[in-house]
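For reference, the chains in residue letters:
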Amino acid sequence: MGMDGVLKLYFGESNIPTPAYLKQAAAQALADGYTFYTENAGLPGLRQDLADYYHRVHGVQLDWQSEIVVTASGVQALNVGIRCILNPGDEAIVLTPAWPNASGIIRMDNAIPVEVPLPLRGDHYAVDFNALDAAVTPRTRLLVYTSPSNPLGWVATEEQQEGLLEFARRHDLWLLADEVYERLYYQTPEAGAPAPSILRKASRDDAVMVAQSFSKTYCMTGWRLGWLVARRDVGEQATQLNEFIVSHPASFIQRAAQTALRDGEEELHAMLVRLRANRDFCLDALRGMPRVTVPVPDGAFYLFPKIEGVRDSLAFCRRLLEETRVGIAPGVAFGAGGEGSARICYASDRSILEPAMERLARFLGGYEAAAKSRASI
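Each value, and the rule that gives it
- Residues numbered from 1 in each chain as written.
- Predicted model: local features only at pLDDT ≥ 70, side-chain atom pairs only at ≥ 80, totals over all residues.
- Heavy atoms only, no water.
- Buried < 20%, exposed > 50% of the residue type's maximum accessible area, 1.4 Å probe, protein only.
- Helix = DSSP H or I, 4+ residues; strand = E, 2+ residues; numbered from the N terminus.
- Pairing = 2+ DSSP bridges.
- Core = buried A, V, L, I, M, F, W, Y, C linked by side-chain atoms within 4.5 Å.
- Contact = heavy atoms within 4.5 Å.
- Expected span 1.5 Å × (residues − 1).
- Polar contact = N/O pair within 3.5 Å; in protein donor to acceptor, adjacent residues only side chain to side chain.
- Axes fitted to C-alpha atoms, helices over the stretch in contact; angles between N-to-C directions.
- Salt bridge = Lys/Arg side-chain N within 4 Å of Asp/Glu carboxyl O.
- Phe/Tyr/Trp six-rings, centres within 6.5 Å; stacked < 30°, edge-to-face > 60°.

### Focus on the pairing of strand E9 (residues 208-213)
Of all 6 residues making up E9, 6 are buried, and the element is well covered by its neighbours. Relative to E9, strand E8 (residues 174-178) runs parallel, the two being bridged by 4 bridges. Pairing of Leu175 across the sheet is with Val208, part of E9. Pairing of E9 with strand E10 (residues 226-230) involves 5 bridges; the strand directions are antiparallel. Within the sheet, the bridge partner assigned to Ala211 lies in E10 and is Leu228.

### A closer look at the nonpolar core
With 57 residues, the main nonpolar core has Leu46, Tyr54, Leu132, Tyr145, Leu175, Phe214 and Tyr218 as its most contacted residues. With 6 residues, helix H2 (residues 44-58) is the largest single contributor of residues to this core. In contact with Tyr218, not counting residues within four places along its chain, are Pro19, Tyr21, Leu22, Tyr53, Ala260, Leu261 and Gly264. Counting 39 residues, the second-largest nonpolar core is a separate cluster that includes Tyr186, Ile307, Ala342 and Leu360.

### Comments concerning the sheet that holds strand E16 (residues 342-345)
Sheet architecture is open: 3 strands sit in the order E12-E16-E15, paired in antiparallel fashion. Strand pairing shows two members of the sheet lacking a second neighbour, strand E12 (302-303) and strand E15 (329-330), which therefore form its edges. Both E15 and E16 contribute to a ladder of 2 bridges, which runs antiparallel. From the neighbouring strand, Pro330 faces E16, where its bridge partner is Ala342.

### Re helix H10 (residues 313-324)
With 12 residues, H10 extends 16 Å between its outermost C-alpha atoms, agreeing within 8% with the 16 Å of an ideal straight helix rising 1.5 Å per residue. You can read the cap of H10 off the contacts: a side-chain oxygen lies 3.3 Å from the backbone nitrogen of Leu314, and it is on Asp312. Looking one or two residues past H10, Arg325 carries a phi angle of roughly 60°, positive in sign.

### Section: the sheet that holds strand E7 (residues 140-146)
The mixed open sheet is built from 7 strands, whose spatial order is E2-E10-E9-E8-E7-E3-E4. What marks the edges here is a single partner per strand, and that holds for strand E2 (68-71) and strand E4 (112-117). The mean angle between the axes of side-by-side strands here comes to 20°, regardless of whether they run parallel or antiparallel. Here strand E3 (residues 91-96) pairs with E7 via 4 bridges, running parallel. Paired with Ile93 across the strands is Leu143, a residue of E7. Set on the sheet, H2 makes contact with E2, E9 and E10; between it and E2 the angle comes to about 115°. Here helix H7 (residues 232-245) sits on the sheet in contact with E2, E8, E9 and E10, set at roughly 25° to E2.

### Here we look at the pattern of salt bridges
Taken as a whole and assessed by the stated rule, the structure comprises 18 salt bridges. The salt bridge partner of Glu91 is Arg139, with a shortest N-O separation of 3.1 Å. Of this pair, Glu91 sits in strand E3 while Arg139 is found in the loop between helix H5 (129-135) and E7, placing the two residues 48 residues apart along the sequence. Of the charged contacts, one joins Arg170 and Glu166 as a salt bridge, the two residues approaching to 3.0 Å between their closest N and O atoms.

### Considerations on the packing of aromatic side chains
Summed over all chains, the structure comprises 10 aromatic pairs. Ring geometry for Phe214 versus Trp227: centroids 5.0 Å apart, planes at 65°, classification edge-to-face. Highlighted residues: Phe214 in the loop between E9 and E10 and Trp227 in strand E10, separated in sequence by 13 residues. The class for Phe214 is buried, based on a relative accessible area of 1%. Between the aromatic rings of Phe301 and Tyr302, the centroid separation amounts to 5.0 Å while the plane-to-plane angle is 70°, which identifies the pairing as edge-to-face. For the pair formed by Phe301 and Tyr302, the shared burial category is buried.

In structure tokens, the structure reads:
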């Protein structure tokens, strides 16, 4: 972290600053007096706007008073949701490779994460339902998955979502979907169409939760604001738990988030055009490199190339960093199925991506030559 001149592709955020209209909205909220406590579940106006958002974008009807809880980030939404469901000694299945915080929260709750990898079949990731069935024990209470995926860019198809929902119903499990990248989706002709949400498939009585965030869609990573959608009984528990964790997110930030929901589409569409172009540039570059296999991601802003011959991705990424000043994230950090790969965030400027891809290509060329030399000895 102290190195100078590093091309940083390991962070999970865009380098686009928060748009000016949101900074102005926050300043206006402060001027308007949004400096006092709100309800533990969040500002009523923001929860109403979130319910309207789901109706407008997904065609889903939610009760803002009982099914939406505003949290201080998407990770806090995960934390609250998981803690409402698991007791010490319980087990939770996590589809991996995945951002490691969900498994970490499960461990913090003195429960046990059971990681089930998503196999790569052809050029797309799949859900191994036989492996899921085999992972269920009498102590299993929860299944967690991320779509669009960090780090894979995989997006659960509607058929896969139906299968996950049926699996959870059959085994009497809670299903928690991390959908923070839902608007960073490339499988539709029009920019800004959301990735499918599990809420479109679930009834309001299903044991389903969704963790969400303003961070990725609206370039608000440092603002720390998210929300949890949950069945009424868990929504009530999550609201009570909020009191003992954070009380509620900052009032003026909640107020500014209402402006994001209302006025954020134009900025989002422009960002998506840039992200798609960056994705395609990096895909073309990686496919020209030796030993690299990389599936096309349908969402988020990550590539997860598998590098033939790499058995220690942490050592590989460290050597890449030290020799070329290119920083990428080792696949082993993302759990079962991640070793041998690395995560590349393509949300940076071309002025960073282009030299990073050139340096990575040269490094892999030398890496392949060294591997051939060792094989001939």
